[in-house]
Amino acid sequence: MIRQLFWLFLVVTGGVILYSWIEAADTPKHAAVERELVPDFVAYQLTRRSFDKDGNLSGQVKAAQMAHFEQLGQIQFEQPAYTLYEERLPRWQISSAQGVFYQDNKVILEQNVQVDNLHQDEMFRQIQTEQLEMLLDSQLLQTDHPVLVLGQSFQIHGQGLQADLITQKLRLFKHQGTVYQHENQ
């Protein structure tokens, strides 16, 4: 009987030691993950400007809040508005409720994404969607979500889009309908 109690005590003690060792090994991993989720710094009412090699303004981003995550390699924005310039004049403004900027100059915008053409009398005036990926260097836009393209006297409804803001070429993946408005003059 004493031998059985001894073995039972030994098994329980070994189990407690093993459990403590496993729990201690997992704790630093959780702390590291939690540190990744805490921003390195937060800025409010931010304006950031980018310049080309000649010193001309090429882009600007404004946001209500920006949180910088160094370990994740990303910056999260609340209410971002990106303005892209062409020949020193504002050409396009892309805005949304949320945005994430990645180190490779890629931005993912979500919730009420709106792309506005800031030049008057252009064929395409606005693009609306719920999610959009933007490559800042090449000014390419892409989404697989439903889109609404507004132009002079027309609306195009579709699913998925690729747009080149430099060449002003737009490719709709799936056309779902177009509505034309006749303007009386």
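Each value, and the rule that gives it
- Residues numbered from 1 in each chain as written.
- Predicted model: local features only at pLDDT ≥ 70, side-chain atom pairs only at ≥ 80, totals over all residues.
- Heavy atoms only, no water.
- Helix = DSSP H or I, 4+ residues; strand = E, 2+ residues; numbered from the N terminus.
- Buried < 20%, exposed > 50% of the residue type's maximum accessible area, 1.4 Å probe, protein only.
- Contact = heavy atoms within 4.5 Å.
- Phe/Tyr/Trp six-rings, centres within 6.5 Å; stacked < 30°, edge-to-face > 60°.
- Lys NZ or Arg CZ within 6 Å of the ring centre and 35° of its normal.
- Salt bridge = Lys/Arg side-chain N within 4 Å of Asp/Glu carboxyl O.
- Patch = residues over 30% accessible without salt bridge, like charges linked within 9 Å, V, L, I, M, F, W, Y side chains within 5 Å.
- Areas by Shrake-Rupley, 256 points an atom, 1.4 Å probe, with all protein chains shown as cover.
- Core = buried A, V, L, I, M, F, W, Y, C linked by side-chain atoms within 4.5 Å.
- Polar contact = N/O pair within 3.5 Å; in protein donor to acceptor, adjacent residues only side chain to side chain.

**Student:** Report on the overall build of the protein, specifying residues and quantitative values.
**Tutor:** Scanning the protein from N- to C-terminus turns up 1 helix and 11 strands. N-terminal to C-terminal, the α/β element order of the protein is α-β-β-β-β-β-β-β-β-β-β-β. Within the protein, the fraction of its 185 residues that count as buried is 31%. Once local pairs closer than 6 in sequence are excluded, the contacts in the protein between residues at least 24 apart make up 35%.

**Student:** Any chance you could break down the environment of Arg125 for me, citing the residues and the numbers?
**Tutor:** Counting through the fold element by element, Arg125 comes out in strand β8 (residues 124-135). According to the relative accessible area criterion, Arg125 is partly exposed, its value standing at 42%. For the pair formed by Arg125 and Gly151, sequence separation is 26 residues and the distance between their alpha carbons is 4.9 Å. In this structure, Arg125 is in contact with Val115, Asp116, Asn117, Leu150, Gly151 and Gln152, ignoring residues within four places of it in sequence.

**Student:** Which residues make up the packing of aromatic side chains, and what are the values?
**Tutor:** Aromatic ring pairs: the centre-centre distance and the angle between the two ring planes describe each pair. Enumeration according to the criterion identifies 2 aromatic pairs in this entry. Summarising the aromatic geometry, the rings of Phe77 and Tyr82 are spaced 6.2 Å apart at their centres and angled 80° between planes, so their arrangement reads as edge-to-face. Taking 6.0 Å as the distance between ring centres and 85° as the angle between the ring planes, the aromatic pair formed by Phe124 and Phe154 counts as edge-to-face. Residue Phe124 is located in strand β8, and its partner Phe154 is located in strand β10 (residues 154-164); the two are separated by 30 residues in the primary sequence. Residue classification places Phe124 among the partly exposed positions, given a relative accessible area of 22%. Relative accessible area serves as the criterion here: at 9%, Phe154 is assigned to the buried category. The ring of Phe101 carries the charged tip of Arg48 above its face, separated from the ring centre by 5.8 Å. Cation over ring: Lys106 sits above Tyr102, and NZ or CZ is 5.5 Å from the ring centre.

**Student:** I'd like a description of the pattern of salt bridges, backed by residues and values.
**Tutor:** Inspection of every chain in the model, using the stated rule, returns 2 salt bridges. The partner of Arg91 in a salt bridge is Glu86, and the shortest N-O contact between them spans 3.6 Å. You can call Arg91 buried: its relative accessible area is 2%. With a shortest N-O distance of 3.7 Å, Glu122 and Arg91 are connected by a salt bridge. Of this pair, Glu122 sits in the loop between β7 (106-117) and β8 while Arg91 sits in strand β5 (residues 89-95), and the two are 31 residues apart along the sequence. Ionic contacts of the salt-bridge type, sharing partners, join the residues Glu86, Arg91 and Glu122 into one network.

**Student:** Run through a nonpolar patch on the surface, naming residues and quoting values.
**Tutor:** Among the surface-exposed residues, Leu18, Trp21 and Ile22 lie close enough to one another that they form a single nonpolar patch of about 350 Å² accessible area. Relative to the elements of secondary structure, Leu18 occurs in helix α1 (residues 2-36).

**Student:** Run through the nonpolar core, naming residues and quoting values.
**Tutor:** Core analysis: the largest hydrophobic core is formed by 27 residues, its most contacted members being Tyr82, Ile94 and Met134. Looking at this core, the elements that each hand over two or more residues are β2 (57-69), β3 (74-78), β4 (81-86), β5, β7, β8, β9 (140-151) and β10. Discounting chain neighbours no more than four positions away, the residues touching Tyr82 are Gln60, Val61, Phe77, Trp92, Gln93, Ile94, Phe101, Val107, Leu109, Met134 and Leu136.

**Student:** Hey, could you go over the side chain of Gln60 for me, with residue numbers and the actual values?
**Tutor:** Inspection of the secondary structure assignment puts Gln60 in strand β2. Owing to a relative accessible area of 12%, Gln60 belongs among the buried residues under this scheme. A polar contact is formed between the side chain of Gln60 and the side chain of Arg49, at a distance of 3.0 Å. The residues touching Gln60, leaving out its near neighbours within four places in the chain, are Thr47, Arg48, Arg49, Ala81, Tyr82, Thr83 and Tyr85.

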